[in-house]
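Below are the chains, spelled out letter by letter.
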Amino acid sequence: MAAAAVVRPMIGRRGFVEADLLTRWEAVAGPETAALCRPVRLAKPRDGGPPVLHLRVASSAFATLLKHQEPELCARINGYFGFDAVGKLKIAPGTLPPPPAPKPPPPDPPPLSAEEAALVAGIDDPDLRAALEALGRSLRAGNRAGG
């Protein structure tokens, strides 16, 4: 991809790909695969070969299965990023590090003021009224956060 060729030098050896692999592993690999393995690091071989993703797997049985699924997992990862981020897998059995803690959900936006509620109450279309209420609440939340 042309965009990847332009962007790759700017992000450096350990750019956003490795960070996204670590923080978004479940979205990248899928929940079933992510439950049984974790990315450890992404290495670019000195010989110019394809990048190698080092994975730690929960069991040797899953390691064997994952080795057979290597082309599919590499294609899934590359499809997620839109370029060839990973060319090979290096699989090692071991204890999995705990998954990253989920972020707490954001607080509910504050309710509309009486004046704002009166403005949207006169709108006949219920979908438009709900969308405008949600927009108003989001704007209030942004203003309250220092916007």
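Report follows, based on the coordinates.

1. Let's talk about helix α6 (residues 70-81)
With 12 residues, α6 ought to run about 16 Å at 1.5 Å a step, and its terminal C-alpha atoms sit 17 Å apart, in line with that. Within the sequence span of α6, burial applies to Glu70, Leu73, Cys74, Ile77, Asn78 and Phe81. Down the axis of α6, the sector holding all buried residues measures 130°, keeping them to one side. Across from the buried face of α6, at angles greater than 90 degrees, the exposed residues are Pro71, Glu72 and Gly79. Once α6 ends, the next one or two residues include glycine 82, with phi positive near 85°.

2. A closer look at the pattern of salt bridges
Evaluated as defined, the whole model comprises one salt bridge. The residue lysine 67 makes a salt bridge to glutamate 70 at a minimum N-O spacing of 2.8 Å.

3. Digging into the nonpolar core
Counting 22 residues, the largest nonpolar core has Leu21, Trp25, Leu53, Leu55, Leu73, Ile77 and Val86 as its most contacted members. Every element with two or more residues in this core is listed here: α2 (16-23), α3 (25-29), β1 (37-43), β2 (52-57), α5 (60-68) and α6. Counting residues per element, this core draws most heavily on α6, at four residues. Setting aside chain neighbours within four positions, we find leucine 53 in contact with Leu21, Trp25, Pro39, Arg41, Leu42, Ile77, Val86, Lys88, Leu89 and Lys90.

4. Some thoughts on the sheet that holds strand β3 (residues 88-93)
Judged by pairing direction, the sheet is mixed, and its three strands sit side by side in the order β1-β2-β3 without closing on themselves. The strands lining the two open edges of the sheet, one partner per strand, are β1 and β3. Between one strand axis and the next, the sheet turns through 25° on average, direction left out of account. By the bridge criterion, six bridges tie β2 to β3 in an arrangement that is parallel. Along β3, the bridge assignment pairs arginine 56 with alanine 92. Contacting β1, β2 and β3, α5 crosses the sheet at an angle of about 170° to β3.

The rules behind each value
Residues numbered from 1 in each chain as written. Predicted model: local features only at pLDDT ≥ 70, side-chain atom pairs only at ≥ 80, totals over all residues. Heavy atoms only, no water. Helix = DSSP H or I, 4+ residues; strand = E, 2+ residues; numbered from the N terminus. Expected span 1.5 Å × (residues − 1). Buried < 20%, exposed > 50% of the residue type's maximum accessible area, 1.4 Å probe, protein only. Arc of directions from axis to C-beta. Salt bridge = Lys/Arg side-chain N within 4 Å of Asp/Glu carboxyl O. Core = buried A, V, L, I, M, F, W, Y, C linked by side-chain atoms within 4.5 Å. Contact = heavy atoms within 4.5 Å. Pairing = 2+ DSSP bridges. Axes fitted to C-alpha atoms, helices over the stretch in contact; angles between N-to-C directions.

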